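# Topology and contacts: notes
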Amino acid sequence: MHSSCNFRLSSLLCLGQVWDKLVLIVLLLLALLGGLLPTQAVPSELNRAATPEKNGQTASPPGLQPAALPVRVFHRCTLYDGTGAAPIADAVLIVAADGTIQAVGSRQQVGAWPKEAEVIDLQGAVVIPGLVDTHSHVGLWSRPSVPGNADGNEISGPVQITLRALDAVNPDDPGLAMARAGGITTANIMPGSANVIGGGTVYVKLRPAATIEQMLLQGRLADGTPILGGLKMANGENPKGYGRLRQQAPFTRMKVAALQREAFVQARQRWQRRGEKAEPQAEDWDYQLLGEVLQRRRTVHFHCHRADDILTAVRLSEEFGFEVVLHHATEAYRVADILARKKIPVSLTLIDSPGGKAETIGLLEETAAILVRAGVPVAINTDDAVTESRYFLRTAAIALRGGLNEVQTLQALTLTPARLLHLDHRLGSLEKGKDADFVVLSGPPFSVYTQVLQTWIEGRKVFDRNRKSDWHYQVGGFALPDGGAELPGPLPPPRPPATVQTPSLPSGLAPLSQEAPPQLAILAGRVHIGDGTSISPGVVLIAQGRIRAVGTPQQVAIPPGTAVLTAAEVTPGLIDPFCVAGLSGAWNIPADQDQDELSHPNQAELRVVDGFNPREPLLSYLQAQGVTIVHVTPGRQNVIAGRSAIFRTDGPTVEAALLRADAALVVNLGEVPKAAYKDKAPQTRMAIAAIIRKAFADAQHYRQRGGAKGKDETVSLKQEALIPALEGRIPVIFVAQRRDDIQTALRIAAEFRLRPIIALGSEAYRLLSELKQAGAAVFLHPPMQRVGSSLETLHATTVSAFQLDKAGIPFALCTGFEGYVPKVRVLRHEAAMTLARGGLDHARTLRAVTLDTARLLGLDKDYGSLQVGKVADLVLYDGDPLEHATHVTHTIMAGRVVYNRADYLKLPLDRRILSATAAVSSEAPCCLFGW
């Protein structure tokens, strides 16, 4: 009871427990009593156009000026100024008392420092400009994501021309602090994309603040014309979905455009009439935002994905003469030349995998590089919470992996987005006179090993990783009671292993020329065995689909005639212990969704083998990401969901891919099964537990009577399905997030003597002794699971794996289930964030997606490590397997090359997309899988 009370209080009052927020509340009270509020106050949105600017900043009204800062000198750092120039070694940054940049450059360029300055030695850290997010929903969909916090889509009508995000942003949303923990200092907060016109967007500095007015920013054109913010518009599937769900327009893309056109025609007429009459009419108020768009004092931020939708947005902008920024723009690479010619910028949302809806099937990681090469201005956004703000640098690394260089990628987060918001006179680069918005990093901007150490806005530190309360916004745990006492303090940043190079091909040896040679040798700068050890440099010799030798070049002789592949690093094939790929497809339409049978909450008789699609394109995509084995489970909706199965990702049929049928029984607890059946049980957690108990009790009695072999006994497939679990022949996977749900799982497992495995387990780290006593293993949630996406994930943290490992609890990392985008998570990238933010070292992290997973699934005799006699499933990389920018160059399954990146890169862009893929089969052409 006590912990339940603490949970409720922490959900409602957690921010009041954080020191920084307490300080702000006290200062606000002082301001109300006549004191000074030490945060820059910005006038209301309606009046700020007339407010004078001072030094390029909107001036604050008298009496609300922020307290003066000391002059600060930051030195001994590597500085990226965001302008596109090379980083400055041994740089100096001087911040003036008004929060602007007084000087920046090398020590020699800056010269003498002010005598009165406070000097801060950054000890070799990296400094970059504050990050600018052109597309965020923080504050509109506050965490936790419950109906009371959902203020992003006004679904009372498709056209919402009077709405302003300004009126709904919650300054106390933990998402704002998470954004600062990710280095974001400025954001364009927008309504959602359910409406054809969603309302006005608001540009803000992410200053800790009590009101939205204290966060507001105003853009400015080169001629001094003020930019009042943006207008959110959308086309494609999202606004179409609005019509389908409510049986009213729009149902089609044609109607979406027609509604938008009609609104602008009306606005233009009214604005022209207003000009003639000089005074606005009462009925013109509805069209105020659209009028500002037509005057080019407000920028249209247009949600679009498909190439035809992109050009529809362009067509409307030209028809009505408004400025447009294209957002998401998944297929912009198909019309890059047109966008470049028309000088139309793009703000990309980058995710790890395609699918989740039809519009994102065409996702390519190369899009940013293609657009930049064509001359299109490119920004990268979070679309928080599609990707989380705290991972912004990591998200941008997708563009780096796709072909942008480091400086170009950084510009897409800093100066280019500042220009798109017309804020580049104040921010986006570290130049004299601009706001002192900057981020201190522990290393290169886009490395997995780099941490955001500090975030500064206008010369004030707003995030410090060394403060435990701040760190919890970076790793999770910010809403825990008692200030997160059950979690450790800030862990040291991980150390990268020594860099290794791809070996050159020795003379006399031939490169690979066929898909499945009789013998194959892999030469690598480093071979990760999978058990926590590595060999550098290393050789793996393969024959007849199995590993024949592993060792150094001196230990392993390569027989004449052996085909050879080279790589920087090699790991065993990656194994996902808990996912739904093959049951839940990329298109996310009823035809490819087979994970949940919503006819009854007890579906024990269901078998994944009867619904698995071995030709699901997402399996091919995962294979290209190094995943060779998947443990596929039914979905989250039913209390007793059915029996799982384990598959290889290279089979043309279920039987060819199958490693084990009926691998485990899957039982769901918590919010999801509670909400699955409207007006039917279960409606409570009590009912969920009762359904599980009754099912196992009935199966026990059925078994005692002889089961299917019993005299005069009617065969029950449901009860037959539970007998292997009752007899301990298969484990029971209890899918549970919250601590009390995990406790219920352990209680039921003890009552019926089941073998429990906890899946997802957001709060498993809060039950370490109980899990150990029960002998339970954990298939741990993906580290980039969205914190606060529900009440169940509010306490999720990337430190979970570290805590489980320290307690000696067996675990493996999984990808779980995604209902939207990205449709599947990529195991390698999730593992990387366990290393980056979770405290595990490199070797332990790799073990959690290879050998440890194989052991928990009972596959370690043949899989999970590169040891003699095991099946030759290997993944080859051009760099560190856990580094963001590293590519998988080859995936090898049973000695056969099933993916070759070089072949992929030879394909035209339209053949690289997921919709063109077909599942891999042994008869398919090598390495292309229909890409």
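As the structure is a prediction and not an experimental result, all values here were calculated from the model.

### What to know about helix 10 (residues 367-374)
Every buried residue of helix 10 is listed here: Thr367, Ala368, Ala369, Ile370 and Leu371. In this fold, the buried residues of helix 10 make contact with helix 9 (336-342), strand 15 (346-349), strand 16 (378-381), helix 11 (392-401) and helix 27 (909-912).

### Focus: the packing of helix 18 (residues 685-704) against helix 20 (residues 739-752)
Closest axis-to-axis distance for the helix 18/helix 20 pair is 11 Å, and the angle between their directions is 15 degrees. One finds that helix 18 runs roughly parallel with respect to helix 20. In this structure, the crossing between helix 18 and helix 20 has a hand that is right-handed. On the side of helix 18, the interface is formed by Arg685, Ala689, Ile692, Arg693, Phe696, Ala697 and Gln700, while helix 20 contributes Asp740, Asp741, Thr744, Arg747, Ile748, Glu751 and Phe752.

### Here we look at the pairing of strand 7 (residues 131-136)
For strand 7, a buried count of six out of six residues is recorded, marking the element as mostly surrounded by other parts of the structure. For the segment spanning strand 7, helix 4 (residues 174-181) and strand 8 (residues 184-189), crossover handedness is right-handed.

### Some points on the side chain of His328
Summarising the element assignment, His328 is placed in strand 14 (residues 324-328). Exposure remark for His328: the relative accessible area of 5% places this residue in the buried category. Within polar-contact distance, the side chain of His328 engages the side chain of His303 at 3.1 Å. Side chain to side chain, His328 and Thr349 meet in a polar contact 2.7 Å long. Those residues within four positions of His328 in sequence are excluded, and the remaining contacts are His135, His303, Cys304, His305, Ser347, Leu348, Thr349, Asn381 and Asp383.

### Here we look at the packing of aromatic side chains
Taken as a whole and judged by the stated rule, the model has eight aromatic pairs. Between Phe438 and Trp456, the ring centres sit 5.5 Å apart and the planes meet at 10 degrees, which makes this aromatic pair stacked. In this pair, Phe438 sits in strand 17 (residues 438-441) while Trp456 sits in strand 18 (residues 452-457), placing the two residues 18 residues apart along the sequence. Here Phe438 and Trp456 have matching classes, each one buried. Ring-pair connections join several aromatic residues into one group, and the members of that group are Phe74, Phe438 and Trp456. When the ring centre of Tyr904 is taken as origin, the NZ or CZ atom of Arg912, which lies over that ring, is 5.2 Å away.

### Topic: the environment of Asp650
Looking at the element boundaries, Asp650 is found in the loop between strand 29 (645-648) and helix 16 (654-657). Given a relative accessible area of 12%, Asp650 falls into the buried group. Sequence-wise, Asp650 and Arg615 are 35 residues apart; in three dimensions their C-alpha atoms are separated by 9.1 Å. A polar atom in the side chain of Asp650 sits 3.4 Å from the side chain of Arg648.

### Here we look at the side chain of His472
Of note, His472 is situated in helix 14 (residues 468-475). Look at His472 and you get buried, because its relative accessible area is 2%.

### A look at the pattern of salt bridges
Inspection of every chain in the model, using the stated rule, returns 55 salt bridges. Arg607 is the partner of Asp662 in a salt bridge, and the nearest nitrogen-oxygen pair spans 3.0 Å. With Asp662 in the loop between strand 30 (658-660) and strand 31 (665-668) and Arg607 in the loop between strand 26 (574-579) and helix 15 (617-624), this residue pair connects regions lying 55 residues apart in the sequence. Its relative accessible area of 21% is what places Asp662 among the partly exposed residues. Salt bridges sharing partners connect three or more residues here, namely Lys205, Arg207, Arg426, Asp435, Asp437 and Glu458.

How each quantity is defined
- Residues numbered from 1 in each chain as written.
- Predicted model: local features only at pLDDT ≥ 70, side-chain atom pairs only at ≥ 80, totals over all residues.
- Heavy atoms only, no water.
- Buried < 20%, exposed > 50% of the residue type's maximum accessible area, 1.4 Å probe, protein only.
- Helix = DSSP H or I, 4+ residues; strand = E, 2+ residues; numbered from the N terminus.
- Contact = heavy atoms within 4.5 Å.
- Axes fitted to C-alpha atoms, helices over the stretch in contact; angles between N-to-C directions.
- Parallel < 35°, antiparallel > 145°, perpendicular 65-115°, else oblique.
- Left-handed = near helix turned anticlockwise from the far one by under 90°.
- Right-handed = clockwise from strand over helix to strand, strands pointing away.
- Polar contact = N/O pair within 3.5 Å; in protein donor to acceptor, adjacent residues only side chain to side chain.
- Phe/Tyr/Trp six-rings, centres within 6.5 Å; stacked < 30°, edge-to-face > 60°.
- Lys NZ or Arg CZ within 6 Å of the ring centre and 35° of its normal.
- Salt bridge = Lys/Arg side-chain N within 4 Å of Asp/Glu carboxyl O.

So yeah, pure geometry; function would need other evidence.
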